[in-house]
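Residues per chain are reported as follows:
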Amino acid sequence: AQVNSQFAFLTYCGVTLALTFPLIFNLGSVLPNDAGDPALNTWILWWHTQAVPFTSAWWNAPAFYPAPGVLSFSENLLGLSLISTPLHWLGVEPQAAYNVVFLLTFPLCAIGAYLLTFELTESRDAAFIAGLLFGFAPYRIAHLPQIQSLASFPMPFALLGLHRYLRDPRPKWLALFAGGWFLQGLCNGYYLLFFSVFVGIWI
């Protein structure tokens, strides 16, 4: 039987939990990998709850005083804050919120690749394999400390919008592309640059 998207997503979630075990039982008390980038990025995601994005107060986060604009010294992870900030508002501690975002990057990447591959091949089995390959690629595993490098899930959704527009030229598919491209930039500035070059070649 072919693998539908709902079953595929649940499977990707299961693979994620197995791959990162026992993180799921220690969300509020441990850092995945090391205490370097994960600790910094936990603080950055928390900072989004303390100031309005793109304001002077937001850019001038409390670090490296008296240097101005210190939030520009690293990825600001604003795209990922769309997940973490509501969790903070619900009372989830910063470390647990970070770990939830960390875990979600895997199935989100995988299901994005699944949907894009199904659009191109019309084979759910091929799409399922593509999701595994993209969501759990060795490159991603090598970058476990850098959540911004794990946050590549908007790209396949953006490409899905472009390909879907070719056979169904309605504005909503261009909106999906634009939203994916913009969200990728908010998640990872490097990927915004690389992906924009790729999209230019695609066009």
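Conventions adopted
By convention here, each chain's residues receive numbers from 1 onward along its written sequence. The predicted origin of the model limits local features to residues at a pLDDT of at least 70 and limits the giving and counting of side-chain atom pairs to 80 or more, whereas totals for whole chains, interfaces and linings rest on all residues. Think of the side-chain values as coming from all heavy atoms in the structure, minus any hydrogens and water. By definition, any uninterrupted DSSP run of H or I lasting at least four residues is a helix, any uninterrupted run of E lasting at least two residues is a strand, and each is numbered from the N terminus. Restricting the calculation to C-alpha atoms gives the radius of gyration, and the globule rule supplies 2.2 Å times the number of residues raised to the power 0.38. Remark: exposure states derive from per-residue accessible area (1.4 Å probe, protein chains only) relative to the maximum for the residue type, with buried under 20%, exposed over 50%, and partly exposed in between. Per-residue accessibility takes into account occlusion by the displayed protein chains alone, with areas from the Shrake-Rupley method and a 1.4 Å probe. For this count, His and the chain ends are skipped, Lys and Arg are scored as positive, and Asp and Glu as negative. For the purpose of locating charges, the reference atoms are NZ of Lys, CZ of Arg, CG of Asp and CD of Glu. To define a nonpolar core, start from buried Ala, Val, Leu, Ile, Met, Phe, Trp, Tyr and Cys residues and group those joined through side-chain atoms within 4.5 Å. We call two residues contacting when some pair of their heavy atoms lies within 4.5 Å. In summary, the pairing rule links any two rings of Phe, Tyr or Trp, Trp by its six-membered ring, whose centres are within 6.5 Å, and it sorts them by plane angle into stacked for under 30 degrees, edge-to-face for over 60 and tilted for everything else. As a reminder, the over-ring test applies to NZ of lysine and CZ of arginine, requiring each to be within 6 Å of the ring centre and within 35 degrees of the ring normal. Each salt bridge in this description consists of a side-chain nitrogen of Lys or Arg and a carboxyl oxygen of Asp or Glu lying within 4 Å of one another. One less than the number of residues in a helix, times 1.5 Å, gives the span that helix is expected to have.

> Give me the lowdown on the overall build of the protein, citing residues and values where you can.
Secondary structure summary: the protein contains 11 helices and zero strands in total. Going from the N terminus to the C terminus, the protein shows its helices and strands as α-α-α-α-α-α-α-α-α-α-α. Compactness check: the protein gives a C-alpha radius of gyration of 18 Å against a globular reference of 17 Å for 203 residues, within 12% of the reference. Each of the three principal axes of the protein carries a C-alpha extent, and together these read 55 × 40 × 30 Å. Looking at the protein as a whole, 44% of its 203 residues qualify as buried. By element, 71% of the accessible surface of the protein is carried by carbon and sulfur atoms, the whole surface being about 10400 Å². Considering the protein, the positive charge centre built from 6 side chains and the negative charge centre built from 8 side chains are found 15 Å apart.

> Could you give me a rundown of the nonpolar core, with the residues and numbers involved?
Ala8, Tyr12, Leu80, Phe102, Tyr114 and Ile147 are the most contacted members of the largest nonpolar core, which has 35 residues in total. Looking at this core, the elements with two or more residues in it are helix H1 (5-20), helix H2 (37-47), helix H4 (78-89), helix H5 (94-121), helix H6 (124-135), helix H8 (147-150) and helix H10 (171-187). In terms of residue count, the dominant contributor to this core is H5 (10 residues). Setting aside residues no more than four positions away along its own chain, Phe102 makes contact with Thr20, Leu23, Pro32, Leu144, Ile147 and Leu150. Residues Leu159, Leu160, Phe195 and Val199 belong to the second largest nonpolar core, which totals 10 residues.

> Before we move on, could you go through the packing of aromatic side chains and cite the residues and values that matter?
One pass over the structure, following the stated rule, counts 11 aromatic pairs. With a centroid separation of 5.8 Å and 90° between ring planes, the pair formed by Phe21 and Phe25 is classed as edge-to-face. For the pair Phe21 and Phe25, a shared accessibility class is recorded, and that class is exposed. Geometrically, the ring pair formed by Phe64 and Phe73 is tilted, given 5.8 Å between the ring centres and 50° between the ring planes. Each member of the pair, Phe64 as well as Phe73, is classed as exposed. One aromatic cluster is present, built from ring pairs that chain together Trp43, Trp46 and Trp47. The aromatic ring of Phe118 is capped on one face by Arg124, whose charged end is 4.2 Å from the ring centroid. Lying over the aromatic face of Trp173, Arg164 brings its terminal NZ or CZ to 4.6 Å of the ring centre.

> Talk me through the side chain of Arg140; I want residue IDs and the actual numbers.
Note on placement: Arg140 falls in helix H7 (residues 138-141). It is Glu75 that comes nearest to the buried, bridge-free Arg140 among opposite-charge side chains, at 14 Å.

> Residues and numbers for H4, please.
If you check H4, its first and last C-alpha atoms are 16 Å apart, about what 12 residues at 1.5 Å a residue would give, namely 16 Å. Turning to H4, its buried residues are Leu78, Gly79, Leu80, Ser81, Ser84, Thr85, Leu87 and His88. In this fold, the buried residues of H4 make contact with H2, helix H3 (56-59), H5, H8 and H10. Looking one or two residues past H4, Gly91 carries a phi angle of roughly 100°, positive in sign.

> Outline the pattern of salt bridges, listing residues and values.
Evaluated as defined, the whole model comprises three salt bridges. Within this structure, Glu119, Arg164 and Arg167 form a network of salt bridges that share partners.

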